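Chain residues, written in single-letter form:
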Amino acid sequence: MDNSINPNERRVYREREVVQYDANGAPIQAPANYVDPSPVVDARATHADYGDARVDNYRKAYVDEYGNVMEREEQVVDDSYTRRLNVLDRTKQIIYFLTGALELLLALRFIFRALGADPNNGIVNFIYNLSNPFVIAFNGIFSDQRITTNSILEISTLLAMALYAILAWIVIAALNAFLTPNPSSRQVFTKTRRRQ
């Protein structure tokens, strides 16, 4: 029987003992001159603070079940400044979406009124009823101009569209002014190393 170790055979490390198996799954003995490559544990952890961001680096070297020295490195970045900016950005996107939907609704109302769309039609009636609460506050500021018997140039709708767009712009500007976080200039560097 050949006592040399085939590198293709499966090896399982149990603490510092190497157990090898042949093709039939039976354990085989290592030769007398065989030196056991014990599992090497080299763990390093580094930490750095860049302003509000914390960066953790983890590096670990070990011997796998086939005797190969493996190294694994992981970097974890946690930036509270970016997290706050993401929340602010999401809030602004929601405001833009709601304002855009309202502007589209009011634009459809204006076009339907200007073209004299039949108010008894289901879609036209739905748009009129849905947009009416947003326009009713602006009725009477300017008199709406009648173009034809059915067509009306509704100035109140145009005024509502302009004022809602300006209001959304003011809200976004206020969010940017009051809620945008200031990046910190504090930096801390820490290194920790452990060897076994």
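Residues numbered from 1 in each chain as written. Predicted model: local features only at pLDDT ≥ 70, side-chain atom pairs only at ≥ 80, totals over all residues. Heavy atoms only, no water.

When you look at the confidence of the model for the protein in this model, what are you seeing that I'm missing?
In regions of low pLDDT, the predicted coordinates are not meant to be interpreted in detail. Overall, the predicted model of the protein reaches an average pLDDT of 76, with 71% of residues at or above 70. Note that pLDDT drops below 50 for residues 1–19; the model gives that stretch 47 contacts with residues more than four away or on any other chain. Contacts from residues 33–38, a stretch scored under 50 in pLDDT, to residues over four places away or in other chains number 11 contacts. (pLDDT = per-residue confidence, 0-100. Contact = heavy atoms within 4.5 Å.)

Even after reading the chapter, I still don't get the pattern of salt bridges, so can you show me in this structure?
Side chains that differ in sign of charge can pair as their charged atoms come close. Applying the stated rule across the entire model yields 2 salt bridges. Measuring nitrogen to oxygen at the nearest pair gives 2.9 Å for the salt bridge that ties glutamate 154 to arginine 109. With a gap of 45 residues between them, glutamate 154 in the loop between strand S8 (152–153) and helix H3 (155–179) and arginine 109 in helix H1 (residues 80–115) connect regions that are remote in the sequence. Since its relative accessible area comes to 2%, glutamate 154 is described here as buried. (Salt bridge = Lys/Arg side-chain N within 4 Å of Asp/Glu carboxyl O. Helix = DSSP H or I, 4+ residues; strand = E, 2+ residues; numbered from the N terminus. Buried < 20%, exposed > 50% of the residue type's maximum accessible area, 1.4 Å probe, protein only.)

How should I be thinking about the packing of aromatic side chains in this particular structure?
Remark: the centre distance and the inter-plane angle together describe each pair of aromatic rings, the angle taken between the planes. Considering all chains together, one arrives at 2 aromatic pairs under this definition. Note on phenylalanine 134 and tyrosine 164: the rings are 6.2 Å apart at their centroids and 85 degrees apart in plane angle, and the pair reads as edge-to-face. One end of the pair, phenylalanine 134, is in helix H2 (residues 122–135); the other, tyrosine 164, is in helix H3, and 30 residues separate them in sequence. Judged by centre distance (5.8 Å) and plane angle (85 degrees), the rings of phenylalanine 138 and tyrosine 164 are edge-to-face. Here phenylalanine 138, found in the loop between H2 and strand S7 (145–146), pairs with tyrosine 164, found in helix H3; they are 26 residues apart in sequence, far enough to count as distant. Overall, phenylalanine 138 belongs to the buried group, its relative accessible area being 12%. (Phe/Tyr/Trp six-rings, centres within 6.5 Å; stacked < 30°, edge-to-face > 60°.)

Explanation requested: the packing of H1 against H2 in the structure shown.
Two packed helices can be described by the angle between their axes and the distance between those axes. The contact between H1 and H2 brings their axes to 9 Å, and the two run at 120 degrees. As the angle between them shows, H1 and H2 are arranged oblique. The crossing of H1 and H2 is left-handed. Residue-level inspection shows Leu102, Leu105, Leu106, Leu108, Arg109, Phe112 and Arg113 of H1 in contact with H2, the latter providing Val124, Ile127, Tyr128, Leu130, Ser131, Asn132, Phe134 and Val135. Here the residues of the contact of H1 with H2 sort into 11 nonpolar, 2 polar and 2 charged. (Axes fitted to C-alpha atoms, helices over the stretch in contact; angles between N-to-C directions. Parallel < 35°, antiparallel > 145°, perpendicular 65-115°, else oblique. Left-handed = near helix turned anticlockwise from the far one by under 90°. Nonpolar A, V, L, I, M, F, W, Y, C, P; charged D, E, K, R; others polar.)

Looking at this model, I keep getting lost on the nonpolar core. Mind explaining?
Nonpolar side chains tend to gather and get buried jointly when the protein is soluble and globular. By size, the foremost hydrophobic cluster in this structure holds 6 residues: Leu102, Leu106, Val135, Phe138, Ala160 and Met161. Of all the elements in the fold, those that place two or more residues in this core are H1 and H3. Here valine 135 is in contact with Leu106, Arg109, Ser156 and Thr157, once residues within four sequence places are set aside. With 5 residues, the next largest nonpolar core counts Leu88, Ile95, Ala168 and Leu175 among its residues. (Core = buried A, V, L, I, M, F, W, Y, C linked by side-chain atoms within 4.5 Å.)

For this particular structure, what's the right way to read H3?
Quick reminder: α-helices carry 3.6 residues per turn. Residues three or four places apart thus point the same way. Counted at 1.5 Å a residue, the expected span for H3 with its 25 residues is 36 Å, and the 36 Å between its end C-alpha atoms agrees. Taken as a whole, H3 has its buried residues at Ser156, Thr157, Ala160, Met161, Ala168, Ile172 and Leu175. At its buried positions, H3 is contacted by H1 and H2. (Expected span 1.5 Å × (residues − 1).)

It is not clear to me how a nonpolar patch on the surface should be interpreted in this structure. Could you clarify?
A grouping of Leu163, Ile166, Trp169 and Ile170 is seen on the molecular surface, where their side chains present a nonpolar patch of about 420 Å² in accessible area. Looking at the secondary structure, you find isoleucine 166 in helix H3. (Patch = residues over 30% accessible without salt bridge, like charges linked within 9 Å, V, L, I, M, F, W, Y side chains within 5 Å. Areas by Shrake-Rupley, 256 points an atom, 1.4 Å probe, with all protein chains shown as cover.)

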